[in-house]
Structures are given as structure tokens and as C-alpha cells.
Amino acid sequence: MARITASVYTSHVPAIGAAIDLGKTHEPYWQPLFKGFEPSKQWMKDNKPDVIFLVYNDHATAFSLDLIPTFAIGTAAEFNPADEGWGPRPVPKVVGHPELASHIAQSVIQDDFDLTIVNKMDVDHGLTVPLSLMCGQPDAWPCPVIPFAVNVVQYPVPSGRRCYNLGRAIRKAVESFDQDLNVQIWGTGGMSHQLQGARAGLINREWDNAWLDRMIDDPEAAAATPHIDYVREAGSEGIELVMWLIARGAMADVPAFGAPEGAPVGPKPRLAHRFYHVPASNTAVGHAILENQG
């Protein structure tokens, strides 16, 4: 069967992609950030998956305020980098995995999570910046990627609890796929930032790191964080952190969706790397890698 071996969490600040594309990674402003991802790039080389299930939010690229699905899964064979107003990023096209994506959609919808099936879309910095941070600038991404877009742009947005439970359902779906695949699940976005209004530029280091502690060590408590806490403490765009809970809910120490109460779970995941840096274009950058054990 397929299995989820690790989860990766990272911010997806668009200016990070621009710094990479324009050769600015060694400039004093950017160097500390990219240094923090050097261990991650080596980890990625040492732990190359067969498929990445990448949770991100679209930034009015594939979708618009006219039509915003709460959860959308990309089932196409490939996805091109989007033009977000200054041309597409000079990165490889994203090769999908239609068979696994369709299987996950079937399983998750039967578990009563409504997904929008997307057979054609371009992918923006929300998806390509995490790939660049983890994989560098290759001629092709190291494996197929399943894009999974979450609405954290227009309220109402899904709760942390719903995202967490969706992750549990995704793990169940992956484990019922009949091919032997090593799958990683990535949660992206955040951490604290606000891009407009009187609090524009807000960054809350203490809250960010306390939330990251909870997500790693007590994901149930992280999933219970109400929306108002994200907005009050982490800024209007801090709500993107609910996407990290999809990845955390898919890990082996969390009961799979629908499992009976008291069902055995795996051990706590191993923290392979953790990093936090501010600022990156008025945004706090958080990052962690968790590996399933056994």
C-alpha cells in the first residue's frame, strides 16, 4: 500500500521566490533565511518521495473572488507555473499524479468532505515557493506533486478542526491506494503576518513559536485554536496556518479518520528540522519537518 512517511511545513512568501529567481539568496537580507533551509534541501535529497501532496492556498490565480472552493484537489497530469502579474516563475512545470489524486478524492468525498475536482489549473507561488525552498532550482521537480488548494482568502474559511480531520481522511485514503508509494504531505502558508490595515506588518514571534510547539507535540490542541486567535495574535493572514493542520492530521500518531475510539496509533513523529526567521517581506517564516517512525 501507499504510505505517508513525512510531513513538511513551510511558509510560501512570494518575495522568497523572487529572491531565488533574481539570484539574491546570498544578499545579507536573505542569507539567514536560506541558510535555515540548507538542512532541508539535504534532507529532501536523502528522503526523496514518490509523490508530494502539497497543501497551499491559491492567490486569485486559478480561482477568483467569483468562485472560491473551500477545498480543491488537482487531478491533472501537469500544472504550469502561473503568471501572477510579472510573468511565470522560471521553475519547472509540476507533474501531477492523476491516479492517486483521483483515488484520494473518491475516498475523502465518501468520508463526507466535499472537494472540488480540478482537471486544469495553473499553480502560483503558494505551491512553487515551497518546492524551491526544499528542492532548489532543478531542471525538473524530483517527483509528481498533487496540488491541494484551501480557501484561506475569503471568509468563511474552514476551521482548524476540519482541516485536521481532513488530514486524517487523506491519510486513510493514501493507505488504501494499491500501489507501493512513499508519499510526503506538505502544509504551507503562514506564519504571522498582516498585509493591510492598521496592523500591517504585524509579526508575533512568541505566538508563532508557541503554536508550532503545539502543532508538533499536541496537534489536538493546535486544531482547537479558534479563528479569532489566529486573527488577533497572528494577523489577518495568519489564518493560513490551518493548512498546516491538514498535514499534521495525516501523520501516524493521529488516529486515521473513522478509526474506532482507542484504536492504536503510531509513535510521535521525529522532528528532523525546525526553523523560524523574521522578517521575509513583512512575514514570519516558519518551517518544520516531521518523520513518521516505524
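A short tour of the structure in this document, coming up.

Scoring rules and cut-offs
- Each chain has its residues counted from 1, following the order in which its sequence is written.
- Note on the predicted model: pLDDT of at least 70 is required for a residue's local features to be given, and 80 or more for side-chain atom pairs to be given and counted; whole-chain, interface and lining totals, by contrast, use all residues.
- To get the side-chain values, take all heavy atoms of the structure and skip hydrogens and water.
- Here the axes come from fitting lines to C-alpha atoms, over the contacting stretch only for helices, and the angles between their N-to-C directions go from 0 to 180 degrees.
- Segments assigned H or I by DSSP are reported as helices when at least four residues long, segments assigned E as strands when at least two residues long, and all are numbered from the N terminus.
- Just so you know how the angles are binned, under 35 degrees is roughly parallel, over 145 roughly antiparallel, 65 to 115 roughly perpendicular, and the rest oblique.
- Note: crossing handedness is left-handed where the near helix turns anticlockwise from the far helix by less than a right angle, and right-handed where it turns clockwise.
- The contact rule is simple, with two residues in contact once any of their heavy atoms fall within 4.5 Å.
- At least two DSSP bridges between two strands are needed for those strands to be called paired.

Helix α5 (residues 125-135) packs onto helix α1 (residues 14-21) with a crossing angle of 50 degrees between their chain directions and a minimal axis gap of 9 Å. By the angle between their directions, the pair α1 and α5 is classed as oblique. Taken as a pair, α1 and α5 cross one another with a handedness that is left-handed. Judged by residue contacts, Pro-14, Ile-16, Gly-17 and Ile-20 of α1 engage His-125, Val-129, Ser-132 and Leu-133 from α5.

The subject of this paragraph is the sheet that holds strand β2 (residues 51-56). To summarise the sheet geometry, strands pair through backbone hydrogen bonds and adopt either a parallel or an antiparallel arrangement. Judged by pairing direction, the sheet is mixed, and its eight strands sit side by side in the order β6-β3-β7-β2-β8-β1-β10-β9 without closing on themselves. If you trace the sheet from one side to the other, it starts and ends with β6 (116-118) and β9 (270-277), each paired once. Strand-to-strand twist across the sheet, computed as the mean angle between neighbouring axes with direction ignored, equals 15 degrees. When strand β1 (residues 3-10) meets strand β8 (residues 182-188), the two strands line up parallel, connected through seven bridges. Bridged to Ala-6 within β8 is Gln-184. In the packing of helix α4 (residues 98-110) onto the sheet, contacts are made with β2, β3 (71-74), β6, β7 (145-150) and β8, and the angle to β3 comes to roughly 150 degrees. Helix α10 (residues 242-249) contacts β1, β2, β3, β7, β8 and β10 (285-291) of the sheet and is inclined by roughly 160 degrees relative to β8.

What follows covers the packing of α4 against helix α6 (residues 160-175). Taken N-terminus to C-terminus, the directions of α4 and α6 make an angle of 125 degrees; their axes are 9 Å apart at the nearest point. For the element pair α4 / α6, the angle class is oblique. Judged by the twist between their axes, the crossing of α4 over α6 is right-handed. Where α4 approaches α6, its residues His-103, Ile-104, Ser-107 and Val-108 are matched on the opposing element by Leu-166, Ala-169, Ile-170, Ala-173 and Val-174.

Bear in mind that shape data such as this cannot, by itself, settle questions of function.
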